[in-house]
Amino acid sequence: MTIPEISRRALMKGTALLFASTALARQALAQAAPSGGRLVVAADSEPKNLNPAIVASNGVFFIASKVVEPLAEASFDGKDGLAPRLATSWEGSPDGLSVTFKLRDGVTWHDGKPFTSFDVAFSALKIWKPLQNLGRLVFANLEAVDTPDDYTAIFRFSKPTPFQLIRNALPVVTSVVAKHIFDGTDIATNAANNALVGTGPFKFAEHKPGEYYRLTRNENYWEKDQPKLDEIVYRVLPDREAAGAALEADEIQLAAFSAVPLADLDRISKIDGIKVISKGYEALTYQLVVEINHRRKELADLRVRQAIAHAIDKKFVVDTIFLGYAAASTGPVPKNAPEFYTSDVATYEFNPAAANDILDKAGYIKGPDGNRFSLKLRPAPYFNETRQFGDYLRQALAVIGINAEIVNADAAAHQKAVYTNHDFDLAVGPPVFRGDPAISTTILVQSGTPDGVPFSNQGGYANPELDKIIKQAAQTIDTGARTGLYRKFQQLVVADLPLINVAEWGFITVARDTVLNVSNNPRWAVSNWGDTALQS
């Protein structure tokens, strides 16, 4: 399929039309899809740790979700937006102190051993709660998991925990790993963190660093007639222009997460045999944020943070860096989360003159070279847009007399520098909003997170009032009261600026027409691709 004239409006219209498809039509299409073949996909990074039970990030999920499964996955048409995976049902108690999961019978691990409730209990208590970057907050009050039989797991919490939160978190924080592989070992260094053993439709076959990951068909997968593909090969292509060229040359068949540069979409959409799709990222809203190290004396001063906020032209960022495929942010909750979003927050108009005035009055006087002070700026390497925004931010800061030295690094080095060593003053990050502020947003500003947790508050920021609201919301069962607390949370974050939210965006998938069943759930790129097929 080719889209002759592509634009953001046209893509969104296409998304709406695709949404209108019925579940029956999708099911019929999946059943009709042919079996066999190797799908070659672009991958722009090689995660240091590939275990999604420990590192719940899309860079990990992109590969690992085909091997290791969660209890439930996001769905366009399932109840509460979910489709059962390793759990077949889930029910919360009225007092918020327990959630009962019924688990799927007849599932085996890739090494042939049976999947049971003991694997779920082990994953929850030994990995999700103590080790996972997001699970440690979602499951903070989890104190026990009862396993009355092999296919029932009852999560028991020491304090009331909103069932809405647990339900929203299922696709992201509940990747289940095998107890018999990890129990009694040093979990952090277990070889299975990178040579995955799961229950998913594909088995991990090999990783050749710098070249590819290869997954092969799980012949014993529990879902009938899946997977459709024989193999998935992730070809490592850090250069996104190379990904577009490889797609045009039919060396790869699919590039997700805007792996093809936005500037190339109009041209590539006119090539016969290539389709451009905006659907499939509805539960993966990315946010462009400026992370701030509050240990730095100048940045601990709210006036400096306000001046930096005034120096950033969000409209320019949206129009020039994202070519319109984004929206300006107003705070830590994106507009496409209407249940929680509020526009009733402080605003910082683009006004370099006002920013200079704030800094002058705060006593940060320009020296003979025009600089007030210098900073180390680390743009995250994950997307072209984060790197481009890093260059823009350096220039914007120069206008107000702040000299920023850009330090680029690969993904592993960037994460270590920012989230473990705190070797940054400002960093550009792309966190993901995952449907509930408690899943992946509050962690960006809440104090007390241990060093080394990726995509968390590692800037030394601490605000007792904000921490109190986050704690209250985590234990508030009433939906209306909980929503109100998160609206107050947004107001406090934007007023105190522990970080600066700049823009929010989804992604684009570019694929050959021969790839079938693409983008058929709201987290498609990081789901299991069991029904993805190749038309010969």
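About the criteria used
- Here, residues in each chain are numbered from 1, in the same order as that chain's written sequence.
- Whole-chain, interface and lining totals are the exception, using all residues; otherwise, since this is a predicted model, local features are given only for residues with pLDDT of at least 70 and side-chain atom pairs are given and counted only at 80 or more.
- To get the side-chain values, take all heavy atoms of the structure and skip hydrogens and water.
- By definition, any uninterrupted DSSP run of H or I lasting at least four residues is a helix, any uninterrupted run of E lasting at least two residues is a strand, and each is numbered from the N terminus.
- In this treatment the radius of gyration is a C-alpha quantity, and the globule benchmark scales as 2.2 Å times the residue count to the 0.38 power.
- Working definition: with a 1.4 Å probe on protein chains only, accessible area under 20% of the residue-type maximum means buried, over 50% means exposed, and in between means partly exposed.
- We define a salt bridge as a side-chain nitrogen of Lys or Arg found within 4 Å of a carboxyl oxygen belonging to Asp or Glu.
- Helix axes use the C-alpha atoms of the stretch in contact, all axes being lines fitted to C-alpha atoms, and the angles between their N-to-C directions lie in the range 0 to 180 degrees.
- Note on angle classes: values under 35 degrees are labelled roughly parallel, values over 145 roughly antiparallel, values of 65 to 115 roughly perpendicular, and the remainder oblique.
- With the far helix as reference, a near helix turned anticlockwise by less than a right angle produces a left-handed crossing, and one turned clockwise produces a right-handed crossing.
- Only heavy atoms matter for contacts: two residues are in contact if any of them lie within 4.5 Å across the pair.
- How far a helix is expected to stretch is found by multiplying one less than its residue total by 1.5 Å.
- Any pair of nitrogen or oxygen atoms within 3.5 Å is treated as a polar contact; in protein, a donor-acceptor pairing is required on top of that, and neighbouring residues in sequence qualify only through side-chain atoms on both sides.
- By nonpolar core we mean a set of buried residues, namely Ala, Val, Leu, Ile, Met, Phe, Trp, Tyr and Cys, connected to one another through side-chain atoms within 4.5 Å.
- As a per-residue quantity, pLDDT reports the predictor's confidence and falls between 0 and 100.
- Strand pairing requires that DSSP identify at least two bridges connecting the strands.

## Quick notes on the overall build of the chain
For the chain, the count of helices and strands is 17 helices and 22 strands. Relative to the globule expectation of 24 Å for 536 residues, the C-alpha radius of gyration of the chain, 23 Å, shows essentially globular dimensions. Along the first, second and third principal axes, the C-alpha atoms of the chain reach 70 × 60 × 40 Å. When burial is assessed residue by residue, the chain has 57% of its 536 residues classed as buried.

## Some remarks on the pattern of salt bridges
Taken as a whole and assessed by the stated rule, the structure comprises 24 salt bridges. In this structure, R512 and D250 form a salt bridge, with 3.6 Å as the shortest nitrogen-oxygen distance. Separated by 262 residues along the polypeptide, R512 in strand β20 (residues 509–512) and D250 in the loop between α8 (240–248) and β11 (254–255) bring together distant segments of the chain. Relative accessible area serves as the criterion here: at 12%, R512 is assigned to the buried category. Close ionic contact of K335 with E504 constitutes a salt bridge, the shortest N to O distance being 3.8 Å. Taken together, the residues K335 in the loop between β14 (327–328) and α12 (352–361) and E504 in strand β19 (residues 499–505) connect sequence positions 169 residues apart.

## Some details on the packing of helix α10 (residues 302–311) against α12
Two packed helices can be described by the angle between their axes and the distance between those axes. At a minimum axis separation of 8 Å, α10 and α12 run at an interaxial angle of 165°. The angle between α10 and α12 places the two elements in the roughly antiparallel class. Remark: the crossing between α10 and α12 carries left-handed chirality. In this structure, α10 uses R303, V304, A307, H310 and A311 to contact α12, whose residues at the interface are P352, A355, I358, L359 and K361.

## A few points about helix α17 (residues 479–496)
For α17, with 18 residues, the first-to-last C-alpha span of 26 Å sits near the 26 Å given by 1.5 Å per residue. Along α17, the residues classified as buried are R482, T483, L485, Y486, F489, Q490, L492, V493, V494 and D496. The secondary structure elements touched by the buried residues of α17 are α6 (163–173), α10, α15 (437–440) and α16 (464–475). Capping the start of α17, D478 holds a side-chain oxygen 3.2 Å from the backbone nitrogen of G480, two or three residues further along.

## A word on the nonpolar core
F155 and F389 are the most contacted members of the largest nonpolar core, which has 151 residues in total. Contact partners of F155, with chain neighbours within four places excluded, come to L97, S98, V99, F101, V120, A124, W128, F139, L142, A144 and V145.

## Examining the side chain of H110
As for its placement among the helices and strands, H110 is situated in the loop between β5 (98–103) and α4 (117–128). Within the structure, the side chain of H110 is placed 2.9 Å from the backbone oxygen of G200, a separation counted as a polar contact.

## What about the confidence of the model for the chain?
Here the chain averages 91 in pLDDT, and 94% of its residues register 70 or above. Every residue in residues 1–29 scores below 50 in pLDDT, and together they form 44 contacts with partners more than four places removed in sequence or on other chains.

## Observations regarding unusual backbone geometry
The amide bond that connects Q226 to the next residue, P227, takes the cis arrangement and shows omega of 0°. Residue position: P227 is located in the loop between β9 (212–217) and β10 (231–236). Positive phi values are uncommon outside glycine, yet W529 reaches one of about 60°. Within the secondary structure layout, W529 lies in the loop between β21 (515–516) and β22 (533–534). For W529, a relative accessible area of 1% translates into the label buried.

## Looking at the sheet that holds strand β4 (residues 87–92)
Spatial ordering of the open sheet is given by β4-β5-β7-β6, a layout of four strands whose pairing is antiparallel. Unpaired on one side and paired on the other, β4 and β6 (142–149) mark the two borders of the sheet. For this sheet, the mean inter-axis angle between neighbouring strands, taken without regard to orientation, is 20°. As judged from the five bridges shared by β6 and strand β7 (residues 152–157), these two strands associate in the antiparallel manner. What sits directly across from D149, in β7, is T152. Lying over the sheet, α4 contacts β5, β6 and β7, oriented at roughly 170° with respect to β6.

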